[in-house]
Amino acid sequence: MSMWTSYSQAYVNPDNLVEAERQVDSFMSLIVEKCQKKCIPTHYREGDLNKGEMVCIDRCVAKYAAFERKLGEKLQEAYPNSIPSNQASAQPDPSLPSF
Amino acid sequence: MKDFLRLYSSLVQRCFEDCANDFTTKSITGKEETCVNKCADKFLKHSERVGARFAELSQQMAPPGQ
């Protein structure tokens, strides 16, 4: 991706950095929310994470990534035309549900 | 492309929330795999149906002649 190769040059396109940061933030906040729900009970008896919670969080993040990979493959099977192989032909896919 | 990404994001969130319950391991268990396959199929069919009904509604609400 061009936003990563530009790191090796002196000039970095600030728009790409902002966009990348925004995407990482939203991705991160999703995982934080989901894993909190799965791993951290709401009684809040103490402020520190205990060992069990730490292990659960590690596994939760890894599992979320595994789910993303698996579901990405499933989606590609279901809608093989929706990821354009060439950017010039950016036609909306009529079979894709639109929101 | 944006719609696709939004669909992907909703799909992952929904299926992770409903199917990821076994945190004794980092990888997806057999039970979770079955759940995720069915979840994905159901979610996609559900999205398509909602889209179809929404399109019908929009057409009904549009003034005649458009």
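Residues numbered from 1 in each chain as written. Chains lettered and ligands numbered in written order. Predicted model: local features only at pLDDT ≥ 70, side-chain atom pairs only at ≥ 80, totals over all residues. Heavy atoms only, no water.

**As for the packing of aromatic side chains**
1) Next: Scanning the model with the defined rule gives two aromatic pairs over all chains in all.
2) Next: With 4.7 Å between their ring centres and 65° between their planes, Tyr64(A) and Phe16(B) make a pair best called edge-to-face. Residue Tyr64(A) is located in helix α3 (residues 51-78), and its partner Phe16(B) is located in helix α1 (residues 2-19); the two belong to separate chains. Assigned by exposure class, Tyr64(A) and Phe16(B) land together as buried.
3) Next: With a centroid separation of 5.3 Å and 85° between ring planes, the pair formed by Phe67(A) and Phe16(B) is classed as edge-to-face. Linking Phe67(A) in helix α3 with Phe16(B) in helix α1, this pair reaches from one chain into another. Phe16(B) matches Phe67(A) in its accessibility class, with the two residues each being buried.
4) Next: An aromatic cluster is present here, built from Tyr64(A), Phe67(A) and Phe16(B) joined pairwise through their rings. (Phe/Tyr/Trp six-rings, centres within 6.5 Å; stacked < 30°, edge-to-face > 60°. Helix = DSSP H or I, 4+ residues; strand = E, 2+ residues; numbered from the N terminus. Buried < 20%, exposed > 50% of the residue type's maximum accessible area, 1.4 Å probe, protein only.)

**Overview of the interface of chain B and chain A**
1) Next: Opposite the 33 residues of chain B that make contact, chain A presents 29 residues.
2) Next: Regarding the contact of chain B and chain A, the summed buried area is about 3,100 Å², with carbon and sulfur atoms giving 71% of it.
3) Next: The largest per-residue losses of area from chain B upon contact with chain A belong to Phe4(B), Phe16(B) and Phe23(B), which jointly make up 24% of the total buried on that side.
4) Next: If you look at where chain B meets chain A, you find five salt bridges.
5) Next: The salt bridge involving Glu17(B) is made with Lys34(A); its shortest N-O contact spans 2.5 Å.
6) Next: Those elements that provide at least two residues to the side of chain B that touches chain A are α1 and α2 (30-61) of chain B.
7) Next: Here the side of chain B that touches chain A gets 13 residues from one element, more than from any other, and that element is α1(B). (Contact = heavy atoms within 4.5 Å. Buried area = accessible area lost by both parts, 1.4 Å probe. Salt bridge = Lys/Arg side-chain N within 4 Å of Asp/Glu carboxyl O.)

**Points about the UniProt feature "domain: Tim10-like" (unreviewed entry) in chain B**
1) Next: In this structure's numbering, the residues bearing the UniProt feature "domain: Tim10-like" (unreviewed entry) are residues 1-56 of chain B.
2) Next: Between the end C-alpha atoms of residues 1-56 of chain B there is a gap of 23 Å, over a span that is 80% helix and 0% strand. (UniProt positions renumbered as here; feature names shortened; annotations may be inferred.)

**What to know about the side chain of Lys63(A)**
1) Next: Mapped onto the elements of the fold, Lys63(A) is located in helix α3.
2) Next: Here the side chain of Lys63(A) touches Glu32(B) through a polar contact of 2.7 Å, side chain to side chain.
3) Next: Excluding residues within four positions of it along the chain, Lys63(A) makes contact with Phe16(B), Ala20(B), Asp22(B), Phe23(B), Thr25(B), Lys26(B), Ser27(B), Ile28(B), Thr29(B) and Glu32(B). (Polar contact = N/O pair within 3.5 Å; in protein donor to acceptor, adjacent residues only side chain to side chain.)

**Some thoughts on the pattern of salt bridges**
For side chains of opposite charge, pairing can occur when their charged atoms come near one another.
1) Next: One pass over the full model with this rule turns up nine salt bridges over all chains.
2) Next: The partner of Glu19(A) in a salt bridge is Arg22(A), with the nearest N and O atoms 2.9 Å apart. With Glu19(A) and Arg22(A) both in helix α2 (residues 14-39) and three residues apart, the pair spans about one turn of that helix.
3) Next: Residue classification places Glu19(A) among the partly exposed positions, given a relative accessible area of 30%.
4) Next: Residues participating in the shared-partner salt-bridge network are Lys34(A), Lys37(A) and Glu17(B).

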